[in-house]
Amino acid sequence: MGDSVRMRRVILLHPFDAWAGSQRVFVVLVRALRGLGVPVDVRLGFGTDGFVSQLKSVHRFLGINRVPIRKILYPFWIVALIPRMLRAAYGGDIVWANTVHAIPAVLPMLLFAPRRVVLHVHEIEFPRLFHWLLRWANERRARVLCVSDLHRERLGVEAHVLPNCVDGGSDSEPLEPPVVLFVGAISALKGFPLFVDVARRLPPGRVRTVACVPNIPQAAHRWVENAEAANVEIRRGLSDPSQMFAGATLLLQCTDPALWTETFSLVMVESLACGVPVATAGMAVAPEILGDAWAFDVPSRDPDGIAAEISALLDDAPRLRWLRAAARERRKNFTFPAFQDHVSEVLDGVSEGRPK
C-alpha cells in the first residue's frame, strides 16, 4: 500500500451494534487497518451490546439497544455526523461506511469527495431508498464493496468483492458416531425445522445431530421440544468455532432461499476453517464459497433426500477424507492475512485528490 494512502486517516462508520455478521466483519476490518499502520476513527451510531462495542476507542452517538428507539433516532445520528464528514471531505480523510444504513451519513463526502468513500455493503434486501442512494454513489465513483460475486451480480452495481474472513481454525478429527451439525438461530429463515426433519430420518445411534444456537427464544420452546424428540442435541451460545466444529463430520447449512438470500456465510467459512465440509439445501452462494469442499446440495429441501445424501456420504470414507482435505485447502481464501491484503488493495484504489 502506498505511503500517502497509509498516512490518511480512515473514518469507519457503523450505525447499529449487534451480535451479527456485519458487526463481526467490521471488527476484523478495524484490526486489519490498524495492522497496516492506518490511523482509524471508529464512529458507532447506537448500541452497547455487540461486537463493535468491544473495540477500544469507539466514538458512540447513543448507547441505546432497543431497536424501535434506535430507528426513530437514526436520522439524528446522520445529522450529527455532517460536521465530521465535511471536515473529512476537505481534510483528505477516507470514509469507510459499513452496511447500507451508513450511506446517508456520508452524503457530504459523496457530494464533495466521492472518490474517498468506501461503501461496504453486506445486505441484498433493503428499502428502495437505499438502492437509489447506492446507485447514485456508484455513479459518483464511490468505491462499492460486496461480499461475493453473487452479491455484486444481484445488486447490479459496479463493485469490488471483499470476501469476509474468520480468525483461527482447527484440524480435529471427526468423532464416532459421526456428528452432523447445525449452526444458527432457531428460525424458519435459518432452516431449523428442516434440520429437525432431517434428524428424524437419520439412523438412531449411528449419527449424532447437534444444533448450536445463540439462544432459545420463548416462542421457540415448542421447536426445541420437537428437536429433542428427534434426538437433536441443543447447545446454547455460539462459542468459538474451534469448539463448535470440533469433531464434526458435516455442517448442514439449511438457510431457506425462499425467505432470505445469503450473499455470504460466515458459518460456512468457519466450518472450512475447522476442516469440516458443508452440505446445503438450495443456497446460491455455496459453490462460490465452498469450491471442492461442497459435499452436496438438495435444492428441493426434501428431508428424505437430504437424509439419504448424508447416509450415502457417511458410507463413503474416501470421499469424506477428500472433502476434509478440500476444506483445509479452501479455507486459505478466507484467512485474516488474505482479508488484510484485500483491504490494502482497496485503499490503494481510493483516490487521493482533495475537492477543488
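For every chain, the first residue of the written sequence is number 1, and numbering continues from 1 along that sequence. Predicted model: local features are reported for residues with pLDDT of at least 70 only, side-chain atom pairs are reported and counted for 80 or more only, and whole-chain, interface and lining totals are derived from all residues. Side-chain descriptors were evaluated using all non-hydrogen atoms of the structure, hydrogens and water having been removed beforehand.

Caption draft 1: Spotlight on helix 14 (residues 317–330). Only runs of H or I of at least four residues qualify as helices and only runs of E of at least two qualify as strands under DSSP, and these elements are numbered from the N terminus. Helix span, as expected, comes to 1.5 Å for every residue beyond the first. In this model, helix 14 (14 residues) spans 20 Å end to end at C-alpha, consistent with the 20 Å of a helix rising 1.5 Å per residue. Of the residues making up helix 14, those classed as buried are Leu320, Leu323, Arg324, Ala326 and Ala327. Here the buried residues of helix 14 occupy an arc of 160° about the axis, which is enough to place them on one side. In this description, contact between two residues means that some pair of their heavy atoms is separated by no more than 4.5 Å. Its buried side turned inward, helix 14 meets helix 11 (266–273), strand 13 (294–297) and helix 13 (303–314). Whether a residue is buried, partly exposed or exposed follows from its accessible area with a 1.4 Å probe, protein chains only, as a fraction of its type maximum: under 20%, in between, or over 50%, in that order. Think of it as the arc spanned by the lines of direction from the helix axis to the C-beta atoms.

Caption draft 2: Molecular detail of the layout of surface pockets. Grid spacing is 1 Å over the protein atoms alone, the probe is 1.4 Å, and a cavity is where that probe fits but cannot get out, while a pocket is an open set with protein on both sides within 12 Å along at least five of seven lines and lining residues have an atom within 4 Å of a point. Grid points are joined across faces, edges and corners, and a volume is the space filled by probe spheres set on the points. The volume enclosed by the second largest pocket comes to roughly 220 Å³. Lining the second largest pocket we find Glu173, Pro174, Leu175, Glu176, Pro178, Thr249, Leu314, Ala317, Leu320, Arg321 and Arg324. Here the lining of the second largest pocket is composed, by residue class, of 6 nonpolar, 1 polar and 4 charged. Residue polarity is assigned by list, with Asp, Glu, Lys and Arg as charged and Ala, Val, Leu, Ile, Met, Phe, Trp, Tyr, Cys and Pro as nonpolar; anything else, Gly included, falls into the polar class.

Caption draft 3: Representation of the packing of helix 8 (residues 192–201) against helix 13 in the model. Where helix 8 meets helix 13, the axes come as close as 8 Å, and the angle between the chain directions of the two elements is 60°. As far as their axial angle goes, helix 13 and helix 8 are oblique. Helix 13 is crossed by helix 8, and the crossing has right-handed handedness. Residue-level contacts link Leu194, Asp197, Val198 and Arg201 of helix 8 to Pro303, Asp304, Ile306, Ala307 and Ile310 of helix 13. Of the residues that constitute the contact of helix 8 with helix 13, the class distribution is 6 nonpolar, no polar and 3 charged. Convention adopted: a line fitted to C-alpha atoms gives each axis, helices being fitted over their contacting stretch, and angles between N-to-C directions are expressed from 0 to 180 degrees. Note on angle classes: values under 35 degrees are labelled roughly parallel, values over 145 roughly antiparallel, values of 65 to 115 roughly perpendicular, and the remainder oblique. By definition, turning the near helix anticlockwise from the far helix through less than a right angle yields a left-handed crossing, and turning it clockwise yields a right-handed one.

Caption draft 4: Highlighting the packing of aromatic side chains. To pair, rings of Phe, Tyr and Trp, with the six-membered ring standing in for Trp, must have centres within 6.5 Å; the planes then decide the type, stacked if under 30 degrees apart, edge-to-face if over 60, and tilted in the middle. Applying the stated criterion across every chain, the model contains 10 aromatic pairs. An angle of 0° between the planes, with centres 6.2 Å apart, marks the rings of tryptophan 132 and tryptophan 136 as stacked. With tryptophan 132 and tryptophan 136 both in helix 6 (residues 128–139) and 4 residues apart, the pair spans about one turn of that helix. Geometrically, a lysine NZ or arginine CZ counts as sitting over a ring once it is within 6 Å of the ring centre and also within 35 degrees of the ring normal. Lying across the ring of phenylalanine 336, arginine 31 places its NZ or CZ 3.9 Å from the centre.

Caption draft 5: Seen up close, the sheet that holds strand 9 (residues 208–213). Two strands qualify as a pair provided DSSP detects at least 2 bridges between them. Strand order in the open sheet formed by 6 strands is 10-9-8-11-12-13, with parallel pairing between adjacent strands. Two strands in the sheet have a free side with no partner beyond their single neighbour: strand 10 (232–236) and strand 13. Ignoring strand direction, the axes of neighbouring strands in this sheet form an average angle of 25°. Bridge analysis of strand 12 (residues 278–280) against strand 13 gives 3 bridges, and the strand direction is parallel. Residue pairing for strand 13: threonine 280 is matched across the bridge by aspartate 297. Strand contacts of helix 11: strand 8 (179–183), strand 11 (250–253) and strand 12, with the helix running at about 170° to strand 11, the strand carrying the most contacts.

Caption draft 6: Up close: the pattern of salt bridges. Take a side-chain nitrogen of Lys or Arg and a carboxyl oxygen of Asp or Glu: if they are within 4 Å of each other, that pair is a salt bridge. A complete count under the given rule lists 17 salt bridges for this structure. Taking the shortest distance from any N to any O, the salt bridge between arginine 141 and glutamate 158 comes out at 3.2 Å. Here arginine 141, found in the loop between helix 6 and strand 6 (143–146), pairs with glutamate 158, found in the loop between helix 7 (149–155) and strand 7 (160–161); they are 17 residues apart in sequence, far enough to count as distant. A relative accessible area of 39% means that arginine 141 is categorised as partly exposed. Here arginine 301 ties to aspartate 256 by a salt bridge, and the two come within 3.8 Å at their closest N and O atoms. With arginine 301 in the loop between strand 13 and helix 13 and aspartate 256 in the loop between strand 11 and helix 11, this pair connects stretches of sequence that are 45 residues apart. One salt-bridge network, held together by shared partners, links Asp41, Arg43, Arg84 and Asp93.

Caption draft 7: Expanded view of the environment of alanine 105. Within the fold, alanine 105 resides in the loop between strand 4 (94–98) and helix 5 (107–112). When its relative accessible area of 1% is taken as the criterion, alanine 105 is described as buried. In this structure the C-alpha to C-alpha distance between alanine 105 and glycine 247, which are 142 residues apart in sequence, comes to 45 Å. If we skip the residues at most four places from it in the chain, alanine 105 touches Leu13, Trp77, Ile78, Leu81 and Met85.

Caption draft 8: Quick look at unusual backbone geometry. Here the amide bond leading from glutamate 176 into proline 177 is cis, since omega sits at -5°, within 30 degrees of zero. Its location among the elements puts proline 177 in the loop between strand 7 and strand 8. Look at serine 57: it is not a glycine, yet its phi comes out positive at around 60°. With respect to the secondary-structure elements, serine 57 resides in the loop between strand 2 (40–46) and strand 3 (58–62). Phi at arginine 301 is positive, roughly 60°, even though this residue is not glycine.

These figures capture arrangement, not role.
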